[in-house]
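Okay, here's what each chain looks like letter by letter:
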Amino acid sequence: LNREVLAFENENPNLIDTNSPTQRVGGVVLDGFEKASHLSRMWSQEDIFNTDELEDWLKRVGKKVDIDYTDFVCEPKFDGASLNIIYEHGKLKQAITRGDGSIGEDVTNNVKTIANIPLSIEYDGLIEIRGEVVIKKQDFDEINKQRAENNEALFANPRNAAAGSLRQLDSSITAKRKLYFQAWGIGQHSLEIDIGFDTVFEVMDFIYDLGFSRPPIAKLCRSVEEIEKVYHEIIEKREAIPMGLDGMVIKVNDLDYQQVLGYTVKYPRWSCAYKFPAVEKTTKLEDIIYQVGRTGVVTPVAAVTPTLIDGSTVSRASLHNFDEIKRLGLQINDEVIIIKSGDIIPKITKVLTDRRDGTQKEIQVPQNCPVCDAELLNEDILIKCQNLDCNARVVNSIIYFASKNCMNIDGLGNKIVELLVEEKIITDILDLYSLKYQDLEHLEGFKEKKINNLFRVITSN
């Protein structure tokens, strides 16, 4: 079919459609991604987890607007990578990852390879169209099957695969991943001037008519009971829906009411995400791993038999501290129930003591640091390594210093910090500011541009 289209276009160049598959980019290899600003902020969603929290959210909405005279749009929350696409005069101008909500990365070349994203739309204005980039479950299984045959590492879940595919420097790789875009909203626009919509439902209907895929379910509700009914309907249909879901989005439908409600520092007050219940699985505790943080606190982490939970393989779970081990009555070789809390963090919730077979072993509180072997200080709940030169403390201090919440040294990731400390190139935070080109040029993966970019970001801080 592609060859037929190409042959037709060669004979009829004046009839080439702007959305033709021959017009999509593939094979462009970039050195890196440029930062780009959204025209308007991409907000996070407030999460709710049960009926009581839903009722509380509706009460807060009802304090500012009359909810007896509005309805709510309920639709699936897709589990992928958020994307903002900017169209100007009908042409796809730029595509930007969510990033921190204000600034993301320009992935325009890769986005043009996604088959269900129009390269042009019938709208002669400026508009940001927001949505989620996902990989359908069937396509994800095929990708992992192919990777297994090629002896490549398997992707943990469709969400990670979608995010990684969107950020490939080689757009031909992105093109092979069969990414799928599901629009869920808009940013800056002039629709109210051009067309005069009153509701979210009308706006999104217009967006879908421009050529964007419609969601599998989207309904209007007027009460808690109706919202709950749609929520449970989506849960029931969750497995049959081709894309991964992690909840249901609820939005106030009336656009004027949205203006009145406004935003908090983090969220729109007119929208929330009703998350799905955590998926429970049974697995076995094989060992306890001790991690040392930047303050010296030793945290126990459960190493469990690898278990597939909601699309990803879990092999470790948080235990927080030794009081949590005592509260659970946890022992090595115990059968346990594990969940993904908030669909993200694995957590042990219960020990199945009736399944003990005599192979169980008590978990001993360590007396010495698992990294530097220094004697640990036992402060009842917390156990600390007091050695300031402990490699784990040094690494985690530098990682924290370079993180977004501190100095935001982009390009100085965890693995790079670990490598620099391991090679004794740096021993503390101050050493970052005395790094020389010669210190890095012999390291694997450090090319001239990467080194210069890292120095540029460090010196700018």
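Anyway, here's the lowdown on the structure attached to this text. Quick caveat: nothing in here was measured; it's all calculated off a predicted structure.

1. Overview of the packing of aromatic side chains
Two numbers describe a pair of aromatic rings. These are the distance of the centres and the angle of the planes.
So, step 1. Tallied over the full model, the rule gives eleven aromatic pairs.
So, step 2. Ring-pair connections join several aromatic residues into one group, and the members of that group are Trp43, Tyr263 and Trp270.
So, step 3. When the ring centre of Phe155 is taken as origin, the NZ or CZ atom of Arg147, which lies over that ring, is 4.3 Å away.
So, step 4. The side chain of Arg294 reaches across the aromatic face of Tyr400, ending 3.6 Å from its centre.

2. Thoughts on the sheet that holds strand S8 (residues 179-186)
Strand-to-strand pairing in sheets goes through backbone hydrogen bonds, with the strands running parallel or antiparallel.
So, step 1. The antiparallel open sheet is built from four strands, whose spatial order is S5-S4-S7-S8. Only two strands of the sheet have a single partner each, and these edge strands are strand S5 (91-97) and S8. Between one strand axis and the next, the sheet turns through 35 degrees on average, direction left out of account.
So, step 2. Looking at chain direction, strand S4 (residues 81-88) and strand S7 (residues 126-135) are connected through eight bridges and run antiparallel. When the bridges of S7 are listed, Asn84 appears paired with Arg130.
So, step 3. Where helix H8 (residues 200-209) meets the sheet, its contacts fall on S7 and S8, and the angle it forms with S8 comes to roughly 145 degrees.

3. Focus on helix H2 (residues 51-62)
So, step 1. A rise of 1.5 Å per residue sets the reference length of H2, with its twelve residues, at 16 Å; its end C-alpha atoms lie 16 Å apart and thus fit the reference within 8%.
So, step 2. For H2, every residue scored as buried is listed here: Leu54, Trp57, Leu58 and Val61. Across the axial projection of H2, the buried residues extend over an arc of 100 degrees, all falling on one side. H2 presents Asp52 and Lys59 as exposed residues on the side facing more than 90 degrees away from its buried surface.
So, step 3. Buried residues along H2 sit in contact with strand S2 (46-48), strand S3 (72-78), helix H9 (224-237), strand S10 (245-252), helix H10 (255-261) and strand S11 (271-275).
So, step 4. Between the side-chain oxygen of the N-cap and the backbone nitrogen of Asp52 there are 3.2 Å, and the N-cap of H2 in question is Asn50.

4. Topic: the pattern of salt bridges
So, step 1. Summed over all chains, the structure comprises 16 salt bridges.
So, step 2. In this structure, the salt-bridge partner of Glu335 is Arg355, at a minimum N-O distance of 3.9 Å. Taken together, the positions of Glu335 in strand S15 (residues 335-341) and Arg355 in the loop between strand S16 (345-351) and strand S17 (376-379) put the pair 20 residues apart, joining distant regions of the chain.
So, step 3. The partly exposed category is assigned to Glu335, whose relative accessible area is 24%.
So, step 4. The exposure class assigned to Arg355 is partly exposed, which follows from its relative accessible area of 46%.
So, step 5. A salt bridge links Glu379 to Lys384, with the nearest nitrogen and oxygen atoms 3.8 Å apart.
So, step 6. A network of salt bridges, in which partner residues are shared, links Asp205, Asp209 and Arg214.

5. Digging into a negative patch on the surface
So, step 1. Residues Asp52, Glu55, Asp56, Glu225 and Glu226 make up a contiguous surface patch of negative charge.
So, step 2. Among the elements of the structure, H2 and H9 are those that each provide at least two residues to the negative patch.
So, step 3. In terms of residue count, the dominant contributor to the negative patch is H2 (three residues).
So, step 4. In this fold, Glu225 is placed in helix H9.
So, step 5. By relative accessible area, which is 59% here, Glu225 ends up exposed.

6. Notes on the pairing of strand S12 (residues 280-292)
So, step 1. When S12 meets strand S13 (residues 298-309), the two strands line up antiparallel, connected through seven bridges. Bridged to Tyr290 within S13 is Pro300.
So, step 2. Taking the residues between adjacent antiparallel strands as the criterion, S12 and S13 are bridged by five residues, where Gly296 takes a positive phi near 95 degrees.

7. A closer look at the packing of H2 against H9
So, step 1. Close contact between H2 and H9 brings their axes to 11 Å; oriented N to C, the two are set at 135 degrees. Taken together, the axes of H2 and H9 lie oblique to each other. Every pair of crossing elements has a handedness; the one defined by H2 and H9 is right-handed. Mapping the contact onto sequence places Thr51, Leu54, Glu55 and Leu58 in H2 and Val224, Ile227 and Glu228 in H9.
So, step 2. Looking at the contact of H2 with H9 residue by residue, the class counts come to four nonpolar, one polar and two charged.

8. Some points on the nonpolar core
So, step 1. Leu83, Ile207 and Phe212 are the most contacted members of the largest nonpolar core, which totals 38 residues.
So, step 2. Only S4, S5, S7, helix H4 (137-149), helix H5 (158-166), S8 and H8 provide two or more residues apiece to this core.
So, step 3. Among the elements that make up this core, the one with the highest residue count is H8 (six residues).
So, step 4. Ranked by size, the runner-up nonpolar core spans 30 residues in total, among them Phe78, Ile227, Val252 and Leu261.

About the thresholds
- Residues numbered from 1 in each chain as written.
- Predicted model: local features only at pLDDT ≥ 70, side-chain atom pairs only at ≥ 80, totals over all residues.
- Heavy atoms only, no water.
- Phe/Tyr/Trp six-rings, centres within 6.5 Å; stacked < 30°, edge-to-face > 60°.
- Lys NZ or Arg CZ within 6 Å of the ring centre and 35° of its normal.
- Pairing = 2+ DSSP bridges.
- Helix = DSSP H or I, 4+ residues; strand = E, 2+ residues; numbered from the N terminus.
- Axes fitted to C-alpha atoms, helices over the stretch in contact; angles between N-to-C directions.
- Contact = heavy atoms within 4.5 Å.
- Expected span 1.5 Å × (residues − 1).
- Buried < 20%, exposed > 50% of the residue type's maximum accessible area, 1.4 Å probe, protein only.
- Arc of directions from axis to C-beta.
- Polar contact = N/O pair within 3.5 Å; in protein donor to acceptor, adjacent residues only side chain to side chain.
- Salt bridge = Lys/Arg side-chain N within 4 Å of Asp/Glu carboxyl O.
- Patch = residues over 30% accessible without salt bridge, like charges linked within 9 Å, V, L, I, M, F, W, Y side chains within 5 Å.
- Areas by Shrake-Rupley, 256 points an atom, 1.4 Å probe, with all protein chains shown as cover.
- Lys, Arg positive; Asp, Glu negative; His and termini not counted.
- Charge placed at Lys NZ, Arg CZ, Asp CG, Glu CD.
- Parallel < 35°, antiparallel > 145°, perpendicular 65-115°, else oblique.
- Left-handed = near helix turned anticlockwise from the far one by under 90°.
- Nonpolar A, V, L, I, M, F, W, Y, C, P; charged D, E, K, R; others polar.
- Core = buried A, V, L, I, M, F, W, Y, C linked by side-chain atoms within 4.5 Å.

So far we have only geometry, and geometry alone does not tell us how the molecule works.
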